[in-house]
Number of protein chains: 2
Amino acid sequence: MGPDLSPLKAIVGEGAYVEDPALLDRYLIEWRGLYHGRSPLVLKPASTAEVSAIMACCTAQGIAVVPQGGNSGLVGGAIPWSSDSQLQVVLSAERLNRIREIDAANGTMTAEAGCILAGLQQAAAEAGLLFPLSLAAEGSCQLGGNISTNAGGINVLRYGNTRDLILGLEVVLPDGRVLPMLRGLRKDNTGYDLKQLFIGAEGTLGFITAASCRLYPQPTSLATAFVAVDSVDAAVALYSAARRDLGGELQACELLGELALDFALAYQPALRHPLPAAGSWFVLLEAASSRLGADMDEELGRFLSQAMEQGLLADAVLATSGAQRSQFWELRHCISAAQKQAGASIKHDISLPLSKLAEFVAKVSDWLVSQVPGCRPVTFGHLGDGNLHFNVSQPADADPEDFLGRWEFLSRYVHGQAVGLGGSFSAEHGIGTLKAAELAHWRDPVELALMQAIKRTVDPAGIMNPGKLFSAPVLK
Amino acid sequence: MGPDLSPLKAIVGEGAYVEDPALLDRYLIEWRGLYHGRSPLVLKPASTAEVSAIMACCTAQGIAVVPQGGNSGLVGGAIPWSSDSQLQVVLSAERLNRIREIDAANGTMTAEAGCILAGLQQAAAEAGLLFPLSLAAEGSCQLGGNISTNAGGINVLRYGNTRDLILGLEVVLPDGRVLPMLRGLRKDNTGYDLKQLFIGAEGTLGFITAASCRLYPQPTSLATAFVAVDSVDAAVALYSAARRDLGGELQACELLGELALDFALAYQPALRHPLPAAGSWFVLLEAASSRLGADMDEELGRFLSQAMEQGLLADAVLATSGAQRSQFWELRHCISAAQKQAGASIKHDISLPLSKLAEFVAKVSDWLVSQVPGCRPVTFGHLGDGNLHFNVSQPADADPEDFLGRWEFLSRYVHGQAVGLGGSFSAEHGIGTLKAAELAHWRDPVELALMQAIKRTVDPAGIMNPGKLFSAPVLK
């Protein structure tokens, strides 16, 4: 006799579970179609108590639980594992979608895991405050997924990763016990900071039901510039100066290599090259402030003039309208899509100490071209965070499948160079199933052993999101 | 036969251990004299390898290890536990005192655990950068202790607690294995963020040997003001406005109740009351910036004028010299010492959501006076962090010992009110031995059970700093 799913369905009640195969696809097929999972049942609990009952029931029966938010991840973390060794049910957070409280005086918002990020941004704005987490999937991704993946995005430079925006969590443990840690405090030194364990754990330790989030003042003045420089080192030096001279108000510093910009311009012919005559590397700078009387156009303009005089940049243009600002950002945001037009690409999400960025880009680009003549390393990313999406497009005339067949070999080298320079092989996208083998390869054995020991301690029955982070079940 | 200490002495070598009882006192008696520990041996390793060998040897023999930094803590966490159930050796970080690297382009500093905080501040400044951790003990406290206690201090509002300043750690586990996590990255989503476990763990999980720390631009303009308001609620509203109108450049917002200020003025007769005619609550505001052309006196002055017009404050004075700024800060810093002159006091280190501060102060002050007529609750602390040092001075004519005899009863109520309003009974000082009973009482049983499970997982032999955090050994 297999596990009995009927008590699970009874917990959430009619209309709050899915078992019709035609309707399951939405939960079992990753949005890009790269991962297909199998599961007979998706559960959509509407309360922490329901999640608790589900988890206890799954532990009792040895049924695996795959937490799922907006299904917008990039590493397959929210899709059931392809192994058939364990029956898996999907636990969707979509009905855990209440904002429980906004405390403007405390600068906090307590929200449930299934809240859509864009909705949280809007709710904060309506209270006159800012929830600064912002990323491409914000119209569909959910808070619980953001926390479980420690999402980054475009405001990390100023406000930090998701980890830095979370003051408290409510988490259901695999056995159904609830950790009531929804404190909204800036200081609380009372034992181990348990919430940190669950942030970025990709659903392998428990199910996050709600969080207490930090809110910030809404900026009232914003300025954006597009800057040309002659090298990656020059871009890093410009960032250092901007970080100092714009104070804490620099909020984005994005890098685009010449090829990335060319791809973007070819993909979006309506967009113009902001600085066609200068430089081979480009930096998008944005500063914002809520200061009384702040005029960020004036301040960013003054910074750029001085940087020009000091030889820190080749040329620069300040956005003079919201439309122009959007165009600058569109050039940055469309690079991934643009790269698709140029054929297959091998993607990376690496981070490095800023002092090593230039060395990495030069060395690794040369090596890639020596291995695959004609391949096109497209360098772009969050410069201020040291985070590059270093995606390599196929040679123009190559067979896409042939090129993708070298993914593992080429990526192993790219990751090795990043790790060797003190960097990371997964800066913001996480591990999921995509990089589980990389984690096993690159992470130090003592670190891996401790991660596995923690997994066994918190999830002794091994029901939480099997096959994620660790490619094999973590047995005692 | 008891444990054999000779291999431990051999690991560090002649001159790097202390066993002479007369010389041991410095390591066994807490700086205020409140805690006296017993230990036959203090070890002073000079390298991670030596720490590793010591830990392995202690695990093999079941000898307990008490990590010690600058011995400036306030909860007895660095002094051997008073129990005789286990032989304890002190592991002092004082010879692990090298700054391994300052990477200005990356904005990071890698330093060993025994580095004195003030030395790190200075080294960063010499590289043109700021290490923002700053607290009263900075001339003697050490980085490893700061990290193990997740130290707060006066710059938390802007730069966060120690946890927020740490990008990477090197940690020796109880069995001698080394976790090499000294990455200096802003983004790294590769499995559980293990370093978070050791930050704030008070030496109960491992021995931190080195850390990679965030550096920031050095502010070039600074302004400080002393402001009078009529209530705690008005102080909170002023903080909200300052946070918005001064942008991210507000770096301190300290609260002083009238009695706290009176005590300070009585203790330091050379200091003048900055605003003798106005208000009953006082706020010290400080803003600083590295922005090009920033004139913080002008900006803070403009903010105060507008706040005055809007009725957000009763009166305010801007420091017009470094000497005046120092006097404002001295009023804030001398409160603890000043309170000593007024007899015994029962100390608290609580935090609250800012929206609950006024309610807490009013209710709890009334209750205390109803219980102990004539007692004097002295309210002061880091308003912007919601962190009050709510220390209750004895009635002027009471017997100090009688008053202190009520510590447990009164504190239990104070802590209960804080916890009941969503606050914490230990905001920045930690647990140590002083608050181990409070932790067991106030922390949710599921949280406590998970903390203990983690303790058993990481330190299965139970050798790390016994009696701290948990008042009894955590057995399997």
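Here is a short report on the structure shown in this document. What you are looking at is a predicted structure, and each value in this text was computed from that prediction instead of being measured.

Comments concerning the sheet that holds strand E3 (residues 64-68) of chain B
Residue and element names in this part refer to chain B.
Okay, step 1: Sheet architecture is open: four strands sit in the order E1-E2-E4-E3, paired in mixed fashion. The outermost strands of the open sheet, each flanked by one partner alone, are strand E1 (17-18) and E3.
Okay, step 2: Pairing of E3 with strand E4 (residues 88-92) involves five bridges; the strand directions are parallel. When the sheet's bridge partners are listed, valine 66 is paired in E4 with valine 90.
Okay, step 3: Each of strand E2 (42-43), E3 and E4 touches helix H3 (residues 48-61); the most contacted strand, E4, lies at about 170° to it.

Some words on the sheet that holds strand E3 (residues 64-68) of chain A
All names here are of chain A.
Okay, step 1: As summarised here, the arrangement of the four strands in space is E1-E2-E4-E3, forming an open sheet in which the pairing is mixed. The sheet is open, and its two borders are formed by strand E1 (17-18) and E3, each paired with just one other strand.
Okay, step 2: As paired strands, E1 and strand E2 (residues 42-43) are joined by two bridges and run antiparallel to one another. Looking at the pairing, tyrosine 17 lines up with leucine 43 of E2.
Okay, step 3: Against the sheet, helix H3 (residues 48-61) engages E2, E3 and strand E4 (88-92), with an angle of about 170° to E4.

Re the state of the cysteines
Defined simply, a disulfide is a covalent bond joining two cysteines at their sulfur atoms.
Okay, step 1: What the rule picks out here adds up to zero disulfides over all chains.
Okay, step 2: With no disulfide of its own, Cys57(A) lies 5.8 Å from the sulfur of Cys58(A), the closest cysteine sulfur.

Concerning the pairing of strand E13 (residues 250-257) of chain B
Two faces make up the sheet, and in a regular strand the side chains alternate between them.
Residues and elements named next belong to chain B.
Okay, step 1: Buried residues dominate E13, accounting for eight of its eight residues.
Okay, step 2: Bridge count for E13 against strand E18 (residues 376-382) is two bridges, and the pairing is antiparallel. Paired with leucine 255 across the bridge in E18 is glycine 381.

Focus: the relation of the copies chain A and chain B
Okay, step 1: For the pair chain A and chain B, the relating rotation is 180°, the translation along its axis is 0.0 Å, and the fit reaches an RMSD of 0.0 Å. Seen this way, the second copy is the image of the first under a two-fold rotation axis.
Okay, step 2: Of the residues that chain A buries at the interface, 100% are likewise interface residues in chain B, meaning the two copies contact each other through the same surface.

Observations concerning the nonpolar core
Okay, step 1: Among the nonpolar cores identified, the biggest contains 92 residues, and Phe131(A), Leu169(A), Phe198(A), Phe131(B), Leu169(B) and Phe198(B) are the most heavily contacted of them.
Okay, step 2: In contact with Phe198(B), not counting residues within four places along its chain, are Leu450(A), Ile147(B), Ser148(B), Leu169(B), Val171(B), Leu173(B), Leu179(B), Leu205(B), Gly206(B), Ile208(B) and Val458(B).

Examining the pattern of salt bridges
Close approach of charged atoms allows side chains with opposite charge to pair.
Okay, step 1: With the rule as written, the count across this model stands at 50 salt bridges over all chains.
Okay, step 2: For the salt bridge of Glu19(B) with Lys9(B), the shortest nitrogen-to-oxygen distance reads 2.8 Å. Linking Glu19(B) in the loop between E1 and helix H2 (21-28) with Lys9(B) in helix H1 (residues 6-12), this pair joins segments that are 10 residues apart in sequence.
Okay, step 3: Judged by relative accessible area, which is 38%, Glu19(B) ranks as partly exposed.
Okay, step 4: Among the charged side chains, a network of salt bridges with common partners joins Glu249(A), Arg291(A), Glu299(A), Glu249(B), Arg291(B) and Glu299(B).

Rules behind the numbers
Residues numbered from 1 in each chain as written. Chains lettered and ligands numbered in written order. Predicted model: local features only at pLDDT ≥ 70, side-chain atom pairs only at ≥ 80, totals over all residues. Heavy atoms only, no water. Pairing = 2+ DSSP bridges. Helix = DSSP H or I, 4+ residues; strand = E, 2+ residues; numbered from the N terminus. Contact = heavy atoms within 4.5 Å. Axes fitted to C-alpha atoms, helices over the stretch in contact; angles between N-to-C directions. Disulfide = S-S within 2.5 Å. Buried < 20%, exposed > 50% of the residue type's maximum accessible area, 1.4 Å probe, protein only. Least-squares fit on C-alpha atoms with pLDDT ≥ 70 in both. Core = buried A, V, L, I, M, F, W, Y, C linked by side-chain atoms within 4.5 Å. Salt bridge = Lys/Arg side-chain N within 4 Å of Asp/Glu carboxyl O.

That is the geometry; function is a separate question.
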